Amino acid sequence: MPAIEVRHLTKTFEQKGNSVEALKDISLTIEEGDIYGIIGMSGAGKSTLVRCFNYLEKPTSGEVIIGGRELGTLSGKELRAQRSDIAMIFQNFNLLMQKNVVDNICFPMQIQKIKKREAREKALELLRTVGLSDKARAYPSQLSGGQRQRVAIARALASDPKILLCDEATSALDPQTTASILALLREINQKFGITIVIITHQMSVIREICSHVAIVEQGQIVEQGLVEDIFNHPRSKVARSLILSDRAEGSWEGQTAGQDGGDASYGGVEEWSGENRQRATLRGDRKLRIVFSENSAFEPVIANMVLKFGVPVNILRADTKNVGGFAKGEMILGLPPERELWAEMEAYLVEKGLEIEEVTEDVE
């Protein structure tokens, strides 16, 4: 049985006599124990969608089924009980500033009428889980952003939820802290079997932790599936844009593989000024995005292609990214002006086991 199933969901807001359709015919399935990503630009509707998962926003039409129960059929009392299985964490942490860390974690247990001693013992155990045993008596104002988010996660776990919704939970954090929070969420998923839904505008978050993803644009799902499949073969324009804008540290840019056989990893590097880089971006050469598979990662494919065809290619960008725990090599190539070679060069790359697709956007 899926943890979350959404069928033909729509959500319309009435604003000053006008109807705004925030969500349009959304259907998706999230399996139990999955880490599922929902990504889109600001205003795409992703946060409205996740708030429909626990009926904080009531859909205008459609169904939300949690653990086999359609939320729209539940009474108010039944809905409140169902919500106890669904916890949320947010970008701004939402901690009680006048309470210390352990009391923040105890707060939802107090609402559930759990005995004070039992709640405190559980809170201290959750602090150990999130790596903050020494911060029990600290106040939120004394903590870093990453520590506050760990407290928020511990508080979310206090009610023993089956589903954890993370709405832009790492957006306010620096990259290193984001990585530590994602590692913690992965550990919680594995330890407790909690289904986790990640709402974000950052493709780096999706490929780091999620197994499946839905891409939302203007209130509609334009693409969904395995993260690896979408990374290799993005079909929608917004997916391609998100992937191309997902910059990894240490990437190589503005390099040329010439007839000396130099891949980015083999030398033959030409430093480009901003003016030269802009010229490469705007000129009419065909641009390809290629993804290295396990079979092609250890062969200097680009260097060999240059030697085979006797013309240089521009490496506009190259880096390695973590996709679901596996390293994926990625390059954006500018093919030479000789159009008669394009088909042959693309066939050569495919023959070598590379995933390829044309890039129509400018590569900055």
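Residues numbered from 1 in each chain as written. Predicted model: local features only at pLDDT ≥ 70, side-chain atom pairs only at ≥ 80, totals over all residues. Heavy atoms only, no water.

Trainee: Can you lay out the sheet that holds strand E1 (residues 4–15) for me, pointing to particular residues and giving the numbers?
Mentor: Read from one edge to the other, the open sheet built from four strands follows the order E2-E1-E4-E5, with strand pairing classed as antiparallel. At either end of the open sheet lies a strand with only one pairing partner, and these are strand E2 (18–30) and strand E5 (69–70). Pairing analysis gives nine bridges linking E1 to E2, with the strands arranged antiparallel. In the sheet register, Gln 15 faces E2, and the bridge partner there is Asn 18. (Pairing = 2+ DSSP bridges. Helix = DSSP H or I, 4+ residues; strand = E, 2+ residues; numbered from the N terminus.)

Trainee: How would you summarise the confidence of the model for the protein chain if you had to cite specific residues and measurements?
Mentor: Summarising the model, the protein chain shows a mean pLDDT of 84, and 86% of its residues fall at 70 or more. Confidence drops under a pLDDT of 50 for residues 248–253, and excluding neighbours within four residues, the segment shows 16 contacts in the predicted structure. Of the regions scoring below 50 in pLDDT, residues 259–284 engages in 44 contacts with residues more than four places distant in sequence or in other chains. (pLDDT = per-residue confidence, 0-100. Contact = heavy atoms within 4.5 Å.)

Trainee: Summarise the sheet that holds strand E7 (residues 163–167); cite the residues concerned and give the values.
Mentor: Backbone hydrogen bonds hold the strands of a sheet together, and the pairing may be parallel or antiparallel. On the basis of which strands lie adjacent, the open sheet formed by six strands has the order E6-E7-E8-E3-E9-E10 and mixed pairing. Since the sheet does not close on itself, it has two edges, and those belong to strand E6 (86–90) and strand E10 (220–226), each with one partner. Strand-to-strand twist across the sheet, computed as the mean angle between neighbouring axes with direction ignored, equals 15°. As paired elements, E7 and strand E8 (residues 195–200) share five bridges and run parallel to each other. Counted as the bridge partner of Leu 165 is Val 197 from E8. Contacting strand E3 (35–39), E7 and E8, helix H6 (residues 175–192) runs over the sheet at an angle of about 155° to E8. Lying on the sheet, helix H9 (residues 237–244) is in contact with E3, strand E9 (212–217) and E10; it crosses E9 at an angle near 110°. (Axes fitted to C-alpha atoms, helices over the stretch in contact; angles between N-to-C directions.)

Trainee: Any chance you could break down the pairing of E10 for me, citing the residues and the numbers?
Mentor: Across six bridges, E9 lies against E10 in antiparallel orientation. Of the residues in E10, the one forming a bridge with Glu 217 is Gln 220. Connecting the antiparallel pair E9 and E10 is a turn made up of two residues, with Gln 218 showing a positive phi of about 50°.

Trainee: Talk me through the packing of aromatic side chains; I want residue IDs and the actual numbers.
Mentor: Under the counting rule described, the total for this entry stands at one aromatic pair. Here the basic side chain of Arg 289 rests over the ring of Phe 231, its NZ or CZ set 4.6 Å away from the ring centre. Above the plane of the ring of Phe 309 lies Lys 308, whose end atom (NZ or CZ) is 5.7 Å from the centre. (Phe/Tyr/Trp six-rings, centres within 6.5 Å; stacked < 30°, edge-to-face > 60°. Lys NZ or Arg CZ within 6 Å of the ring centre and 35° of its normal.)

Trainee: Could you give me a rundown of the pairing of E3, with the residues and numbers involved?
Mentor: In terms of residue burial, E3 counts as a mostly covered element, since five of its five residues are buried. Neither face of E3 is left uncovered, since the one carrying Ile 35, Gly 37 and Ile 39 and the one carrying Tyr 36 and Ile 38 both have all their residues buried. Of the strand pairs in this sheet, E3 and E8 are connected by five bridges, and their pairing is parallel. Paired with Ile 39 across the strands is Thr 200, a residue of E8. Pairing geometry for E3 and E9, over four bridges, is parallel. Its bridge partner being in E9, Tyr 36 is matched across the sheet by His 212. (Buried < 20%, exposed > 50% of the residue type's maximum accessible area, 1.4 Å probe, protein only.)

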